[in-house]
Amino acid sequence: MSRSRASRRLACRVGLSLLGWLGSVHAQSADPGASPEPTSLAELEGEPLSLTDPSAPALETLGGLALYGFADFGFYKLFMPKGSLLRTQLFGDSAFAVGNLNTYLSGELGGGWRSLMEIRFTYLPNGSRPITASGIERVSTAAQDYTNSGRVRNTGSIFIERAWIEYSASAALNLRGGSWLTPYGIWNEDHGSPTIIPVTRPYVIGLELLPERQTGLLLYGSFFASESVTLRYQVGLSNGRGPIQDYADLDENKAVTLRLQLHHHGAGDLDLGAAAYIGRYTDLDQLIRPNGNGVLGVEEQLLQRYDEASYALDARYVRGGLHLQTEFIMNEKAYADGGRPVRSATQFQPDDRRYGGYGLAGYRFDWLGIMPYLTGEYFSPINTFEPTRAATRDVFWDFGLGINSRPTTNVTLKLEGNLAVFDIENAKGSALEHPVLGVQAQVAWAF
Amino acid sequence: MHRIWGVTRYDQHREGIRRMDVEGRRLALLLAISLCGCLVDSGAPCGAHLRLDADGACVCPEGSALSDGACVPVVDDGVDDSAGACEAGAGCACTSSRGCPEGELCDSHDSERCVAAPSGLGAPCSGAAECAGTEATFCESFSTRTCVVQGCAARAGVCPGDLVCCDYAVIGTSLCVPSDLAPDGGCPAPGQLVMRTSSP
């Protein structure tokens, strides 16, 4: 598709423009002849152009306050052994589903200041199935709608995916404050479903071996090392991971994130990245107890505490229609005295080293923007999921074969088959009894 | 020149490149150092105070037991636990099953004597079939992997000997657990104590 056609199509979209700080909001059409066409959601989010998928759908940059986003709708059918505990996490019956519904509010504030907020609307927690002491309880958010004769409706909620403000002194020096997606790998920051080539992100990313987001400060910038090589750094200081990490830290230990990237433009585009994260997780309970003077005070009780270190490597090579991509991530978790969780009536969880990665190979043809692709995922943790099995090392493999098509710049169609196999002890009757098969289809769109 | 990371004016960044070269080396060194430091010792994944068991999990040190999320010393109740202190069939006096020979429980709610334990209790198992036909029909495969007595909640919380009745709604039954594992009525999670409301 030509860029001019894409721009004309994009020009039909309506954005909101904020006229000054006092803000009378009005609709504004994008100018087809404006700045070069961005190539992914991440660019609008302020992420560097070459870090994004070069073949990702295009969007228009709007001045002032920009409102945009992405959504996806799909169909899935999973084949799992009867009675598998996986059925508490996944639905075995085929279903249609509205997946992500994320909106972005991006504001150019002038003088080098800008902000971004991303809100995901979700049906959760309705239908969530946590396992509690009394069994599996499906959460219901049923409420009587007072605008509709008190008829019962299920309510939803929102996720604040990110909310930050940043100041840009130069391309080499930017400081961001707020809640930001942890800079590692390829698909943690650039997480829009139209950009993700498979139907869902690889399991090892969703597992958050590095926290998906952090609240704190992020310093970043980029430099030319030569005409074809660009370097980028990102250094973060945050609350780290925690039960209420978005606005409180239950210890004085702050987490540090470091990421380095290299982009080479020559015979194709090559991106290489490495990231490290070091932090402490603490969960506390508070008890109200009388102190020695007979006055009530608060006593903190440690529920869980561990130090963790995570490392990630990523590489992507795009040349013409060819797309090769891989990530490897490792997390080490060492529990503190008194902060080790119970595994069973007589056991505690051991320290854990979890690691995994994935590889993706695809080729995008010009015709309908079709890309056949192949994925392979690997993940290995200590078994903490099923206390009925020993705490030995489990190995998960997942293979996917699919087609990704972009008939227009803003719409992505996906069809994928998956096969998951597990290498574990005592697999029979386990949640990880293999094979697990799945068929998924999705339409994702940017708006 | 192509557009890279939003930087389009290459010449203006020549000086920045030289500075970045120095800073980049420092950051790379920091990353290399962090990669070399391993947080988890695979040979000792239980820290300094806990022991690694055969399952690869961590257990309390000798002389203590897990209770309410922490290791607590096992209290000596004054009964001589040594072999020979009370022989099988002797029906000797007791206050807890730890003072009884193997295969017997302390009938602490009634005679306060050691009595024969239910058949099958404590036998190793990996499935319910191995416990069938005994009085301990439930294979407790979560931690001990032994046959235990179930259904005590329906019997007014009555368990053999000094066993304690805990309700496990998550698995749809109630189990008789050793009193050592339920100090002060605190059943192993996620169990809930079922008060004994009837004499045997």
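The paragraphs below set out a description of the structure included in this document. (Residues numbered from 1 in each chain as written. Chains lettered and ligands numbered in written order. Predicted model: local features only at pLDDT ≥ 70, side-chain atom pairs only at ≥ 80, totals over all residues. Heavy atoms only, no water.)

**Overview of the overall build of chain B**
- A tally of regular secondary structure across chain B gives one helix and 11 strands.
- The N-to-C order of helical and strand elements in chain B reads α-β-β-β-β-β-β-β-β-β-β-β.
- Within chain B, buried positions represent 36% of all 200 residues.
- Taking as baseline every contact in chain B between residues at least 6 positions apart, the subset at least 24 positions apart corresponds to 26%.
- Counting only carbon and sulfur atoms, one obtains 54% of the accessible surface of chain B, whose full area is about 11,000 Å². (Helix = DSSP H or I, 4+ residues; strand = E, 2+ residues; numbered from the N terminus. Buried < 20%, exposed > 50% of the residue type's maximum accessible area, 1.4 Å probe, protein only. Contact = heavy atoms within 4.5 Å. Areas by Shrake-Rupley, 256 points an atom, 1.4 Å probe, with all protein chains shown as cover.)

**Observations concerning the overall build of chain A**
- Looking only at helices and strands, one finds three helices and 22 strands in chain A.
- Taking all contacts inside chain A whose residues are at least 6 apart in sequence as the whole, residues at least 24 apart take part in 59%.

**Topic: the pairing of strand E13 (residues 229-238) of chain A**
Residue and element names in this part refer to chain A.
- The element E13 is largely enclosed, with a buried count of seven among its 10 residues.
- For strand E12 (residues 213-224) and E13, the ladder comprises nine bridges, and the chain directions are antiparallel. Pairing of Ser-222 across the sheet is with Arg-232, part of E13.
- The hairpin formed by E12 and E13 contains four residues between the paired strands.
- The pairing of E13 with strand E14 (residues 255-266) spans 10 bridges and is antiparallel. By the bridge assignment for E14, Ser-238 is matched with Ala-255. (Pairing = 2+ DSSP bridges.)

**Some points on the pattern of salt bridges**
Residues and elements named next belong to chain A.
- Across all of its chains, the model carries 17 salt bridges over all chains by this definition.
- Measuring nitrogen to oxygen at the nearest pair gives 2.2 Å for the salt bridge that ties Glu-161 to Arg-213. With Glu-161 in strand E10 (residues 157-170) and Arg-213 in strand E12, the pair connects residues that are 52 residues apart, well separated along the chain. Neither residue differs from the other here; Glu-161 and Arg-213 are each classed as buried.
- Ionic pairing is found between Arg-241 and Glu-308, a salt bridge with its closest N-O pair at 2.9 Å. Placement of the pair is Arg-241 in the loop between E13 and E14 and Glu-308 in strand E16 (residues 296-319), with a sequence separation of 67 residues. Note on accessibility: Arg-241 and Glu-308 belong to one class, buried.
- Several salt bridges share partner residues, and in doing so they unite Glu-108, Arg-114, Glu-166 and Arg-176 into one network. (Salt bridge = Lys/Arg side-chain N within 4 Å of Asp/Glu carboxyl O.)

**Brief notes about the pairing of strand E11 (residues 173-181) of chain A**
All names here are of chain A.
- Here E10 pairs with E11 via seven bridges, running antiparallel. When the sheet's bridge partners are listed, Tyr-167 is paired in E11 with Leu-175.
- Here E10 folds back onto E11, and the loop between the two strands holds two residues.
- When E11 meets E12, the two strands line up antiparallel, connected through eight bridges. In the sheet register, Asn-174 faces E12, and the bridge partner there is Tyr-220.

**Some words on a nonpolar patch on the surface**
All names here are of chain A.
- On the surface, Phe-73, Phe-75, Phe-96, Val-98, Leu-101, Phe-121, Tyr-123, Ile-158, Ile-160, Trp-445 and Phe-447 cluster together to form a nonpolar patch covering roughly 1,000 Å² of accessible area.
- Elements supplying a minimum of two residues to the nonpolar patch: strand E3 (65-79), strand E4 (95-110) and E10.
- It is E4 that provides the largest number of residues to the nonpolar patch, a total of three residues.
- Relative to the helices and strands, Phe-96 resides in strand E4. (Patch = residues over 30% accessible without salt bridge, like charges linked within 9 Å, V, L, I, M, F, W, Y side chains within 5 Å.)

**A few points about the packing of aromatic side chains**
All names here are of chain A.
- Following the criterion strictly, the structure yields 17 aromatic pairs over all chains and no others.
- With centroids separated by 5.1 Å and ring planes inclined at 50°, the aromatic side chains of Trp-113 and Tyr-167 adopt a geometry described as tilted. Placement of Trp-113 in strand E5 (residues 113-122) and of Tyr-167 in strand E10 is noted, with a sequence separation of 54 residues between them.
- Pairing Phe-396 with Phe-422 gives two aromatic rings, centres 5.4 Å apart and planes at 80°, and the pair type is edge-to-face. One end of the pair, Phe-396, is in strand E20 (residues 395-408); the other, Phe-422, is in strand E21 (residues 411-423), and 26 residues separate them in sequence.
- Exposure remark for Phe-396: the relative accessible area of 14% places this residue in the buried category. (Phe/Tyr/Trp six-rings, centres within 6.5 Å; stacked < 30°, edge-to-face > 60°.)

**Structural notes on the nonpolar core**
- Tyr184(A), Trp187(A), Val204(A), Ile205(A), Ile329(A) and Phe422(A) are the most contacted members of the largest nonpolar core, which totals 29 residues.
- Of all the secondary-structure elements, those providing two or more residues to this core are helix H3 (203-206), strand E15 (268-290), strand E18 (352-363), strand E19 (370-380) and E21 of chain A.
- Top element by residues in this core is E19(A). It accounts for three residues.
- Contacts of Val204(A), omitting those with residues within four sequence positions, involve Leu209(A), Ile329(A), Gly356(A), Gly357(A), Tyr358(A), Glu377(A) and Phe379(A).
- Core analysis: the second largest hydrophobic core is formed by 13 residues, Leu105(B), Cys131(B), Ala136(B) and Cys147(B) among them. (Core = buried A, V, L, I, M, F, W, Y, C linked by side-chain atoms within 4.5 Å.)

**Here we look at unusual backbone geometry**
All names here are of chain A.
- Residue Pro-125 follows Leu-124 across a cis peptide bond; omega there is 5°.
- Positionally, Pro-125 belongs in the loop between E5 and strand E6 (131-132).
- Here Ser-149, not a glycine, exhibits a phi torsion of approximately 55°, which is positive.
- With respect to the element layout, Ser-149 can be found in the loop between strand E8 (142-145) and strand E9 (151-154).
- The backbone phi angle of Glu-208 is positive, close to 60°, even though this residue is not glycine.

**Topic: the sheet that holds strand E11 (residues 192-193) of chain B**
All names here are of chain B.
- The three strands are arranged E10-E9-E11 in an open sheet whose pairing can be described as antiparallel. Taken across any chain shown, the strands that pair with only one partner, and hence form the sheet edges, are strand E10 (173-177) and E11.
- Both strand E9 (residues 164-168) and E11 contribute to a ladder of two bridges, which runs antiparallel. Residue pairing across strands places Asp-167 opposite Gln-192, the latter belonging to E11.

**Observations concerning the side chain of Arg241(A)**
- A relative accessible area of 13% means that Arg241(A) is categorised as buried.
- Apart from residues lying up to four places away in sequence, Arg241(A) is in contact with Glu208(A), Leu209(A), Leu210(A), Pro211(A), Tyr277(A), Arg280(A), Tyr281(A), Tyr306(A), Glu308(A) and Asn331(A).

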